[in-house]
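Results of the structural survey
The chain contents come next:
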Amino acid sequence: MFIPSTETERNEMLQRIGLSKVEDLFSDVPEKFRYPELNLPEGVSELEAYQNLKDLSSANESTDDLICFLGAGAYNHYIPSSVDAIISRGEFLTAYTPYQPEVSQGTLQAIFEYQSLVASLTGMDVSNASHYDGATAAAEACVLAYHHFRGKRTKFVLSRYLHPQYREAIKTYFQGYEKLNIVGDEERSGFQSTDDLLKLIDYDTAIVYVQYPDFLGRIQDFKEFASKVHEVGAILAISVNPLSLGLLKPPSEFDADIVTGEGQPLGIPLSFGGPYLGLFATKNQFIRKLAGRLVGETVDGNGNKGYVLTLTAREQHIRREKATSNICTNQGLIALASAVYMSLLGKSGLKQVAKLNYDKAHYAADQISKLKGFEVINSSPFFNEFVIKTPKPVSELNSLLLDYDILGGYDLSNDYPELENHMLLAVTEMISKEDIDYLVEILQEVTND
Amino acid sequence: MSNPSNYKFAKTDEWVSVEGKVATVGVSDYAQSQLSDIVYLEFLVDAGDDVSQGDSLVSLESVKAAAEVTSPVSGKVLELNEALLDDFEAVNKDPFGRAWFLKVELSDPSELDALMSADAYTKYCEGRE
């Protein structure tokens, strides 16, 4: 263990405060808790530790070993090697919070570029420097809405097809707000329509949250929906899959007030669930209420372009207790990765990847719909994900598929009891036509009994 | 700019001008000069709200600082000066006139007795310089 002070120095310090040994510092801790038995194995050498960990990690199967049809919020996409090469530069990799603009121009400009890319992809006026992930970004949007109405509007309306984990995060953030009523995503039989949601909206509604494409992969036009939400003065928030926006109409065209999303599809590896990236963009109207950090472009005294953290009264520096939210951490490196990814692909590259996803997913849906016992549920347009009804329980089917090195789709009955035997399949550009044909063949084989 | 003799002042630099039961509230010239150029203003209450003495009414941001305008009186908010939202400058240029923030129907006029007169407030400000 590395202890920076010498024994003499430690004794000097102890003497000064009138103690004789380090243990005396812990005399307030009840004796039986002081030195608990940790029951740890004997220490091992670095070589042994490395081998132990390697054995453990090789027990995993990753998307390198399996054909992955699992999505549900995190997707297996191709990441150009240059993304990692660029973000691994020391100046980016080890940069800390850019509080001091004089020495942080690179980091600040990178965040500014990220914000500009997200704003342009979503069509919104302004993007912040990011949140942790899609779930926390959604929760922050609700915090914004709650404070926008100064706590006077006490209803949140959440679509049942907003990602189940995002709904959980929102509910976690709002634990203890006794007057608050979070509705819309209750258990039900059959599918929820946007009209079902509209019935819940009234003048007490602060925010209405939908997803695009929704958790079942469906693409809906929310234009009319938005105008109904705005009729009662509520805020419309839309959670997006940013990659789909390479192809789809941006949510700004529906007149969304807040757009959030999981940025993982934009060049971020799956990495067992994180770190990911929370996208957060709004209309100009909310710029002072935006949670998190914001970088702005300005000029210095000599007229040279420069970047600074801006409008910080919103967060913790000045009015900490009055701020919409005290969160000011952003996913600096991950946001940078997505900015590099978007820049490398460019407008046409992003469109091309989105189109590949769309085409492959539709080919897969088409093939599966021809299988005996299977049914494709999506009748409305979808992006790279769709729902199939399966002749066997999904968990059973998935363990059969795993024997053939196929990572099957998401078991929707986990979150939607009304969707038993329904599987959510994701097909990205990583999946070849042969992979899809193989899946179809195996599905047929394992259900042919 | 001298402090209008018919106004009352709070230690937190708000002024009140009373007509009948209705109090008009703003911030003093001293307050705006300390804040310097106002760049943002947001009402923290709506017409119809009941406010108590000390409640936050308006949030101000200047190039130098952020401040909250607290209510020198209690009562029901009758009207907000929404025109200020497009005219932050008024707070710096005409703090005792155009830049009134809101009107409150007094629920406890005796609260006014505890506020300072213009002369007392002028001395109070001098003492802080």
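Residues numbered from 1 in each chain as written. Chains lettered and ligands numbered in written order. Predicted model: local features only at pLDDT ≥ 70, side-chain atom pairs only at ≥ 80, totals over all residues.

**Quick word on the overall build of chain B**
When you go through chain B residue by residue, the secondary structure sums to 3 helices and 9 strands. Listing every helix and strand of chain B by position from the N terminus yields β-β-β-α-β-β-β-β-β-α-β-α. The globule rule puts the C-alpha radius of gyration for 129 residues at 14 Å, and the 13 Å found for chain B is close to it. Viewed in the frame of its principal axes, chain B has a C-alpha envelope of about 35 × 30 × 20 Å. Counting over 129 residues, chain B shows a buried share of 36%. Taking contacts inside chain B between residues at least 6 apart in sequence as the whole, the part at least 24 apart equals 64%. (Helix = DSSP H or I, 4+ residues; strand = E, 2+ residues; numbered from the N terminus. Rg over C-alpha atoms; globule rule 2.2 N^0.38 Å. Buried ≥ 20, exposed ≤ 12 C-beta atoms within 10 Å, placed from the backbone. Contact = placed C-beta atoms within 7 Å.)

**Some words on the nonpolar core**
Counting 118 residues, the largest nonpolar core has Ala 138, Ile 207 and Val 208 of chain A as its most contacted members. Looking at this core, you find at least three residues from each of domain 1 (67–78 + 346–447) and domain 2 (81–341) of chain A. With near-sequence residues (within four places) excluded, Ile 207 of chain A lies in contact with Ala 141, Cys 142, Ala 145, Phe 156, Ala 234, Ile 235 and Ala 237 of chain A. Formed by 32 residues, the second largest nonpolar core is a distinct cluster that contains Val 27, Ile 38, Phe 43 and Val 104 of chain B. (Core = buried A, V, L, I, M, F, W, Y, C linked by C-beta atoms within 7 Å. Domains from an automatic or database assignment.)

**A short note on the sheet that holds strand β6 (residues 235–240) of chain A**
Sheet strands line up and pair through hydrogen bonds in the backbone, either parallel or antiparallel. All names here are of chain A. Read across the sheet, 7 strands follow the order β2-β8-β7-β6-β5-β3-β4 without closing on themselves; strand pairing throughout is mixed. The open sheet has two edge strands, β2 (126–127) and β4 (181–183), and neither has a second partner. In this fold helix α7 (residues 134–148) packs onto β3 (155–158), β5 (205–212), β6, β7 (258–262) and β8 (278–282), with an angle of close to 160° to the strand it touches most, β7. (Pairing = 2+ DSSP bridges. Axes fitted to C-alpha atoms, helices over the stretch in contact; angles between N-to-C directions.)

**Remarks on the domain arrangement of chain A**
Residues and elements named next belong to chain A. Domain annotation for chain A reports domain 1 (67–78 + 346–447) and domain 2 (81–341). A C-alpha centroid distance of 28 Å is found between domain 1 and domain 2. The interface of domain 1 with domain 2 comprises 24 residues on the first partner and 24 residues on the second. Among the elements of the structure, α11 (332–369) and β12 (385–389) are those that each provide at least two residues to the side of domain 1 that touches domain 2. The element that contributes the greatest number of residues to the side of domain 1 that touches domain 2 is α11, accounting for 7 residues. Residue composition of the side of domain 1 that touches domain 2, by class: 13 nonpolar, 6 polar and 5 charged. (Nonpolar A, V, L, I, M, F, W, Y, C, P; charged D, E, K, R; others polar.)

**A few points about the sheet that holds strand β2 (residues 14–19) of chain B**
Residue and element names in this part refer to chain B. Read across the open sheet, the 6 strands follow the order β1-β2-β3-β9-β8-β5; overall the sheet is antiparallel. Across the chains shown, the open sheet's two edge strands, defined by having one partner strand only, are β1 (8–9) and β5 (50–51). Pairing geometry for strand β3 (residues 22–27) and strand β9 (residues 102–106), over 4 bridges, is antiparallel. Looking at the pairing, Ala 23 lines up with Val 104 of β9.

**Concerning the environment of Tyr 30 of chain B**
All names here are of chain B. Within the secondary structure, Tyr 30 sits in helix α1 (residues 29–35). A count of 21 C-beta atoms within 10 Å places Tyr 30 in the buried class. Residues Tyr 30 and Asp 50, spaced 20 residues apart in sequence, show a C-alpha to C-alpha distance of 28 Å.

**Observations concerning the environment of Tyr 416 of chain A**
Residue and element names in this part refer to chain A. Residue placement: Tyr 416 occurs in the loop between β14 (410–411) and β15 (422–426). Look at Tyr 416 and you get buried, because 20 C-beta atoms sit within 10 Å. The spatial distance from the C-alpha of Tyr 416 to the C-alpha of Pro 213 is 17 Å, given a sequence separation of 203 residues.

**Observations regarding the packing of helix α6 (residues 105–122) of chain A against α11 of chain A**
To characterise two packed helices, one gives the angle between the axes of the helices and the distance between these axes. Residues and elements named next belong to chain A. The interhelical angle for the contact between α6 and α11, taken along N-to-C directions, is 60°, at an axis separation of 9 Å. Classified by the interaxial angle, the pair formed by α6 and α11 is oblique. Note on packing geometry: the crossing formed by α6 with α11 is left-handed. Between α6 and α11, the contacting residues are Ala 110, Ile 111, Glu 113, Tyr 114 and Leu 117 on the first element and Ala 335, Leu 336, Ser 338, Ala 339 and Met 342 on the second. Split by residue class, the contact of α6 with α11 holds 8 nonpolar, 1 polar and 1 charged. (Parallel < 35°, antiparallel > 145°, perpendicular 65-115°, else oblique. Left-handed = near helix turned anticlockwise from the far one by under 90°.)

**Observations regarding unusual backbone geometry**
Residue and element names in this part refer to chain A. For the bond from Tyr 212 to Pro 213, the omega torsion is -10°, close enough to zero to count as cis. On the secondary structure map, Pro 213 appears in the loop between β5 and α10 (223–231). The peptide bond linking Gly 274 to Pro 275 adopts the cis configuration, its omega dihedral lying at 0°. Mapped onto the fold, Pro 275 is located in the loop between β7 and β8. The phi angle at Asp 405 is positive, at roughly 60°, despite the residue not being glycine. Inspection of the secondary structure puts Asp 405 in the loop between α12 (394–402) and β13 (406–407).

**What about the pairing of β7 of chain A?**
Residues and elements named next belong to chain A. Among the 5 residues of β7, 5 are classified as buried, and the element is accordingly described as predominantly covered. Going residue by residue along β7, you find Ile 258, Thr 260 and Glu 262 tucked away on one face and Val 259 and Gly 261 tucked away on the opposite face as well. In this structure, β6 lies alongside β7, joined through 4 bridges in parallel fashion. Paired with Ile 238 across the bridge in β7 is Val 259. Relative to β8, β7 runs antiparallel, the two being bridged by 5 bridges. In the sheet register, Gly 261 faces β8, and the bridge partner there is Leu 279.

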